[in-house]
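# Secondary and tertiary structure notes
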Amino acid sequence: MQNDLGLFAFRPPEGGPLERKSGGGPIAPHPGNGTHLTLRGVSKGFGDRIVLKPLDLTIEAGNFVGIVGRSGGGKSTMLRLVSGLTAPDTGTVLHNGAKLSGIAPRTTMMFQDARLLPWQRVLSNVGITRGSGWEEKSREALRAVGLEDRAKDWPAVLSCGQRQRVALARALVAHPHLLLLDEPLGALDALTRGEMQRLIERLWQEGGFTTILVTHDVAEAVALADRVIVLRDGLIALDRAIDLPRPRKRTDPEVTSLETEILDQILT
Amino acid sequence: MIVPWLLPAALLIVWQIGAEVGWITMRTLPPPLSILTAAISLCRTGELERQVLISCQRAALGFLVGGGLGFGLGLLTGLSRPVELVLDTSLQMLRNVPHLAIIPMVILWFGIGESAKLFLIALGVFFPIYLNTFHGVRMVETSLIEMGRIYRLGPWAMFRRVILPGAMPSILIGVRYGLGITWLTLIVAETISSSSGIGYMTMNAREFLETNIVLLGILIYALLGKLADMATRWLEHRLLAWHHNFQTEAEA
Ligand SMILES: Nc1ncnc2c1ncn2[C@@H]1O[C@H](COP(=O)(O)OP(=O)(O)OP(=O)(O)O)[C@@H](O)[C@H]1O
Ligand SMILES: [Mg+2]
């Protein structure tokens, strides 16, 4: 009963959600398909509770950034600000130097639940935006996640991990420039998790899009990210670049020492 | 399976024999065979078909008008807070008045003609469909709507692919209730006053003590109600195939 659908407030997809910043400074070069992301003094609160204190952050195009932190630390809120689902109280979010208003362009998002439409078959879920040639493109995306043979099934008959893979195919079919992942693997078992991690890494390497992964699992962040950010009390407590070669091994001493360093930051 | 039909068949036979032997008088309960002969002779003259068609038209028109308005307004209030604020409280208040209770007023407004019957049926159908559409739209999961926003679905795609199918199970419950009310209202309205239709046929027959025709009318009402119910089941089966599939898979 509580949700306000606000259907009449939706922006038409063609309507340019981007406003070029007037007299904006030089835009950082962004190679290929990634969004260059800038947060300037972005803060957010709900009622009296301040969730994110004004923070500045720049993410280079094509980077893979991991965000970790305690539950309730504002990680999801930050992703929602970046996606345009929520508007910040202060500050601005810039995609490729353009100020964001409304839903972010060329951005897709995955959540802990797959959020597939139960009344559409797998293929139609992947091609949710339709558009020309959507069936062929969706089939291709399903092939990329190894679920081509389930195109005609109802989402309800898939396993949890398969549903997340369909959601991943849906997120990638439109060739996003920014992929936001909000604990997409949180509900999966260890084995499926590992497979999905390798899948995401591979598709990211092929696609060249910018990726932000929110996760509870520090090891996951260290295994996948170029850069790990710890959010604590609404502030960035640690911002650590990781330039270890891929694929990374969990048992690698450098990986484990990084994990310890990051965990310490979360727990203090 | 034949077993479930044994008892009704036996009852029919006893009833027929009872009537022939004279235990049951024609006036209290006409024998089954006489109902059948009444049906056949009324069919021959075309009378039965004509009256049934008139009743069905009444029901269909009333249902479409009331249901259409309920559906439309339910969507509007469900989708827009401002419209809900303006309309919902008033509609909720009116809902508490049983629509059959206002028959005296309806007769004052419309007389006893066709429009009075249509108005009563439409009024009765309006509320269940309005309420269930409204609730259906409001119950659509926020997480799915958010997903639609992320994928930049336009208003129409959002409505067609996310909101309407999400609300559909609830809307169909409204349709089911609405159909039940349609028949009930039709029977009451036609029995009170009519110059055509099944109700007219039975009331007319009552004056001439043709109880077999009266009983035939009752049977036809029952049959039509059953048919309408089957139609909604079919509709549910079609529109909620995903729902169905989910259930059978879960049970298996
Ligand atoms: N729409 C909202 N209304 C009110 N409070 C909210 C809303 N969204 C988030 N919050 C609050 O903001 C804080 C941060 O929430 P957020 O979901 O960003 O945390 P998180 O870091 O993602 O946590 P988790 O790891 O458990 O998912 C929480 O205290 C939460 O209660
Ligand atoms: Mg979260």
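Note that the structure is predicted; figures quoted are calculated from it, not measured.

## Notes on the domain arrangement of chain A
Residues and elements named next belong to chain A. Looking at chain A, the domain boundaries give domain 1 (33-106 + 179-268) and domain 2 (117-174). For domain 1 and domain 2, the distance between their C-alpha centres works out to 25 Å. The partner domain 2 presents 10 residues to the 12 residues of domain 1 that form the contact. When domain 1 packs against domain 2, close to 830 Å² is buried across both sides, 79% of that on carbon and sulfur atoms. Run the count over domain 1 and domain 2 and you get 0 salt bridges. Looking at which element gives the most residues to the side of domain 1 that touches domain 2, the answer is helix α5 (residues 190-207), with 6 residues. Its residues assigned to classes, the side of domain 1 that touches domain 2 comprises 9 nonpolar, 1 polar and 2 charged.

## Some points on a nonpolar patch on the surface
Taken together, the side chains of Met1(B), Ile2(B), Val3(B) and Leu6(B) make up a nonpolar region of the molecular surface, amounting to roughly 500 Å² of accessible area. With relative accessibility at 83%, the residue Met1(B) sits in the exposed group.

## Quick word on helix α7 (residues 142-150) of chain B
Helical geometry note: an α-helix holds 3.6 residues per turn, so side chains three or four residues apart project in the same direction. Counting buried residues in α7(B) gives 7 out of 9 residues, a clear majority hidden from the surface. Those residues of α7(B) that fall on the buried side of the exposure criterion are Ser143(B), Leu144(B), Ile145(B), Glu146(B), Met147(B), Gly148(B) and Ile150(B). Turning to α7(B), the residues buried within the fold contact α1 (75-83), β7 (107-110) and α4 (160-173) of chain A together with α8 (155-192) of chain B. Positioned one or two residues after α7(B), Arg152(B) has a phi angle of 55°, which is positive.

## Some thoughts on the pattern of salt bridges
In the structure shown here, the tally under the stated rule is 20 salt bridges over all chains. The salt bridge involving Arg115(A) is made with Glu146(B); its shortest N-O contact spans 2.9 Å. Remark: Glu146(B) occurs in helix α7 and Arg115(A) occurs in the loop between β7 and α2 (122-126); the pair is interchain, linking two chains. Notably, a salt bridge pairs Glu206(A) with Arg202(A), separated by 3.3 Å at the nearest N-O pair. Of the two residues, Glu206(A) and Arg202(A) are both situated in helix α5; the distance of 4 residues between them amounts to about one turn of the helix. Look at Glu206(A) and you get exposed, because its relative accessible area is 55%. Look at the salt bridges and you will find they share partners, linking Arg80(A), Asp113(A), Arg115(A) and Glu146(B) into a network.

Criteria and cut-off values
- Residues numbered from 1 in each chain as written.
- Chains lettered and ligands numbered in written order.
- Predicted model: local features only at pLDDT ≥ 70, side-chain atom pairs only at ≥ 80, totals over all residues.
- Heavy atoms only, no water.
- Domains from an automatic or database assignment.
- Contact = heavy atoms within 4.5 Å.
- Buried area = accessible area lost by both parts, 1.4 Å probe.
- Salt bridge = Lys/Arg side-chain N within 4 Å of Asp/Glu carboxyl O.
- Helix = DSSP H or I, 4+ residues; strand = E, 2+ residues; numbered from the N terminus.
- Nonpolar A, V, L, I, M, F, W, Y, C, P; charged D, E, K, R; others polar.
- Patch = residues over 30% accessible without salt bridge, like charges linked within 9 Å, V, L, I, M, F, W, Y side chains within 5 Å.
- Areas by Shrake-Rupley, 256 points an atom, 1.4 Å probe, with all protein chains shown as cover.
- Buried < 20%, exposed > 50% of the residue type's maximum accessible area, 1.4 Å probe, protein only.

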